[in-house]
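# Residue-level structural notes
Take a look at the letters that make up each chain.
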Amino acid sequence: MMPGHVTAADGKNVLSVSAGIITSVWQPGSFVDVHDAKDAMRAVAQVSGGTPMPMLSEMTDVEISAAARYEFAQTTGVLAIAVLGSSTVDRVIAAAMSRHTLYPHEFFTSRDDAMAWLNNFTSSGGQPDGYADGISALA
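Residues numbered from 1 in each chain as written. Predicted model: local features only at pLDDT ≥ 70, side-chain atom pairs only at ≥ 80, totals over all residues. Heavy atoms only, no water.

Looking now at helix α2 (residues 66-73). Those residues of α2 not exposed but buried are A68, F72 and A73. Projection of α2 onto a plane perpendicular to its axis shows the buried side chains occupying an angular sector of 140 degrees, all on one side. (Buried < 20%, exposed > 50% of the residue type's maximum accessible area, 1.4 Å probe, protein only. Helix = DSSP H or I, 4+ residues; strand = E, 2+ residues; numbered from the N terminus. Arc of directions from axis to C-beta.)

Below, the structure is given as structure tokens:
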């Protein structure tokens, strides 16, 4: 694992690892295109040492292109993603991102709730109760 922080997407994204969870913080107001997504996924591999881990992705007020959403969905570098946002728009973007993922993906407005959900993936190494068939439903 890489110590400290790794910056990606021309400084729009900062990643770090703590207690077996990757934290990815996107700068509010950012637009994420496919090149930013690819760079962020390279940074995930760098910060995790290539070992898939659960991730908290803070994406408040971030716009993501369709191509970038698809790129994020194809990653094999994460076990699960909790998207942390604050608005209905953030929730809709998170739902759009989950359409093609092969890993659990949930939206949260509470950091504590998101971390509690992600901890299910660090302690047991499996899927949390109630998760089935590789697709997570966002309410």
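A few words now on the sheet that holds strand β2 (residues 13-18). One open sheet holds the six strands; their spatial order is β1-β2-β3-β5-β7-β8, and the pairing between them is mixed. What marks the edges here is a single partner per strand, and that holds for β1 (6-8) and β8 (105-108). Taken pair by pair, the neighbouring strands of this sheet meet at an average axis angle of 25 degrees, ignoring direction. (Pairing = 2+ DSSP bridges. Axes fitted to C-alpha atoms, helices over the stretch in contact; angles between N-to-C directions.)

Within the structure shown, the criterion is met by three aromatic pairs. Their ring planes at 45 degrees and their centres at 5.8 Å tell us that F108 and W117 sit as a pair that is tilted. Here F108 and W117 have matching classes, each one buried. Ring centres of W117 and F121 lie 5.1 Å apart, and the angle between their planes is 70 degrees; this geometry places the pair in the edge-to-face category. With W117 and F121 both in helix α4 (residues 111-123), this residue pair falls four residues apart, about one helical turn. According to the relative accessible area criterion, W117 is buried, its value standing at 13%. By relative accessible area, F121 is classed as buried at 5%. Through a chain of ring-to-ring contacts, three or more aromatic side chains come together here, namely F108, W117 and F121. (Phe/Tyr/Trp six-rings, centres within 6.5 Å; stacked < 30°, edge-to-face > 60°.)

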